Amino acid sequence: MPASVADLLAPGPTRIMGIVNVTPDSFSDGGRWIDPAVAVRRGREMAAEGADLIDVGGESTRPGSRRPDEQEELDRVLPVVAALADEGLVVSVDTMRAEVARQTLEAGAAIINDVSGGQADPDMPAVIAATGAPFVLMHWRGLLTDPHEQPHYDDVTAEVCRELTDRVDALLGAGVAREQIILDPGFGFSKDAGHNWTLLSRLDRVMALGLPVLVGTSRKRFLGRLPARPGVTVAPDAAPTEPVDRDVATAATSLLAAQAGAWAVRVHDVAATREALGVWQMVRGADAR
Ligand code: PMM
């Protein structure tokens, strides 16, 4: 692992991962960055706004969306990853495919972010072990094709932690080093709004697993239904706000994640998140005086 990437994983203030989805159909920014030149510009802009790393993805995980084939995914992400890495930016690649991971790492990507936690492609753990690249292991119970399928948990925090631990053990068994692994509880993946809120309130339990933790709540559906006033409960059938109108709520969840000790937050609106984390930094600094 290069020294700069090791530095990135070292304990320190919560990092900001800016999202660039080079897809036609992601739920909040689908189609906006599909042109590689526009995607590269967006990545650069996010770095200028304070992103510590840029997460480039070529496949939407929206329930029911069509998977691009491997070549299509490579065609989307490779030029963007290569250009951003050439400019010295730290790039992570959001992919479930071992070959995409291998080629993008070769093109200069620093981190692989796999929402399936290495389960979608049986070759992924071997690529991660061979390259030594940091790997985001996200919790997800599977590729949902039925958007109405209801996830069931008796204790969401305990079960997510247990399932993450099982995946860590599987990766270690495949030769991946513990120092390479970053955990992500997978907000919005196989979880309903209640599960997401519970997990957010118990992030300390995920942190207690002893590995860096990435938190990705940005613009997710559960942030689209908030009480209009204190004490007002939200009707379960209330229409959610539009994804682009969830950045203030995302800044709030980012601050909570930072307070809980998250390694990084994955967000669309880097500038707002930078301000929210700035507040946390000032409060911590005041506390230390
Ligand atoms: N969420 C999405 C995509 N990739 N990766 C990680 N590690 N964590 C997440 O929560 C996550 C992810 C879906 O959101 P998007 O379509 O806005 O990128």
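Check the entry above for the structure.
An account of the accompanying structure is given in this report.

So, how was this worked out
- Residues numbered from 1 in each chain as written.
- Predicted model: local features only at pLDDT ≥ 70, side-chain atom pairs only at ≥ 80, totals over all residues.
- Heavy atoms only, no water.
- Salt bridge = Lys/Arg side-chain N within 4 Å of Asp/Glu carboxyl O.
- Helix = DSSP H or I, 4+ residues; strand = E, 2+ residues; numbered from the N terminus.
- Buried < 20%, exposed > 50% of the residue type's maximum accessible area, 1.4 Å probe, protein only.
- Near = heavy atom within 4 Å.
- Polar contact = N/O pair within 3.5 Å; in protein donor to acceptor, adjacent residues only side chain to side chain.
- Areas by Shrake-Rupley, 256 points an atom, 1.4 Å probe, with all protein chains shown as cover.
- Axes fitted to C-alpha atoms, helices over the stretch in contact; angles between N-to-C directions.
- Parallel < 35°, antiparallel > 145°, perpendicular 65-115°, else oblique.
- Left-handed = near helix turned anticlockwise from the far one by under 90°.
- Contact = heavy atoms within 4.5 Å.
- Nonpolar A, V, L, I, M, F, W, Y, C, P; charged D, E, K, R; others polar.
- Phe/Tyr/Trp six-rings, centres within 6.5 Å; stacked < 30°, edge-to-face > 60°.

Observations regarding the pattern of salt bridges
So, step 1. Summed over all chains, the structure comprises 15 salt bridges.
So, step 2. A salt bridge links Arg44 to Glu87; the nearest nitrogen and oxygen atoms lie 2.8 Å apart. Pair noted here: Arg44 is in helix α2 (residues 36-49) and Glu87 is in the loop between α3 (70-86) and β3 (91-94), with a separation of 43 residues, a long-range link.
So, step 3. Under the relative-accessibility criterion, Glu87 is labelled partly exposed at 38%.
So, step 4. Among the salt bridges present, the one from Arg266 reaches Asp94, with a minimum N-O distance of 3.2 Å. With Arg266 in strand β8 (residues 264-267) and Asp94 in strand β3, this pair connects stretches of sequence that are 172 residues apart. Each member of the pair, Arg266 together with Asp94, is buried.

Things to note about the site of the ligand
So, step 1. Near the ligand there are 16 residues, and of these Asp94, Asn113, Asp184, Lys220 and Arg266 occur at the shortest range.
So, step 2. One nitrogen or oxygen atom from the side chain of Lys220 is found 2.7 Å from an oxygen atom belonging to the ligand.
So, step 3. In the complex, 96% of the free accessible area of the ligand, which totals 420 Å², lies under the protein chains.

A closer look at the packing of α3 against helix α4 (residues 98-106)
To describe two helices that pack against each other, one gives the angle between their axes and the distance between the axes.
So, step 1. Contact pair α3 / α4: the axes reach a minimum separation of 10 Å and the direction vectors enclose 25 degrees. Classified by the angle their axes make, α3 and α4 are roughly parallel. As for how α3 packs across α4, the hand of that crossing is right-handed. Taken together, the residues of α4 that come into contact with α3 (itself represented by Glu70, Glu73, Leu74, Val77, Leu78 and Val81) are Glu99, Val100, Gln103 and Thr104.
So, step 2. A breakdown of the residues in the contact of α3 with α4 according to their chemical character gives five nonpolar, two polar and three charged.

Points about the packing of aromatic side chains
How two aromatic rings sit relative to each other is set out by the distance from centre to centre and by the angle between their planes.
So, step 1. Under the criterion given, the structure shown has three aromatic pairs.
So, step 2. When the ring of Trp140 is compared with that of Phe189, the centres are 4.9 Å apart and the planes differ by 75 degrees; the resulting orientation is edge-to-face. Here the residue Trp140 occupies a position in the loop between β5 (135-138) and α6 (156-173), and Phe189 occupies one in the loop between β6 (181-184) and α7 (193-201), the gap between them amounting to 49 residues. Of the two residues, Trp140 and Phe189, both sit in the buried class.
So, step 3. Relative to Phe222, the ring of Phe187 lies with its centre 6.1 Å away and its plane at 15 degrees, an arrangement referred to as stacked. One end of the pair, Phe187, is in the loop between β6 and α7; the other, Phe222, is in the loop between β7 (214-215) and α9 (247-260), with 35 residues separating them in the sequence.
So, step 4. Exposure remark for Phe187: the relative accessible area of 1% places this residue in the buried category.
So, step 5. Accessibility expressed as a relative area gives 5% for Phe222, which makes it buried.
So, step 6. Three or more aromatic residues joined by ring pairs form one cluster here, namely Phe187, Trp197 and Phe222.

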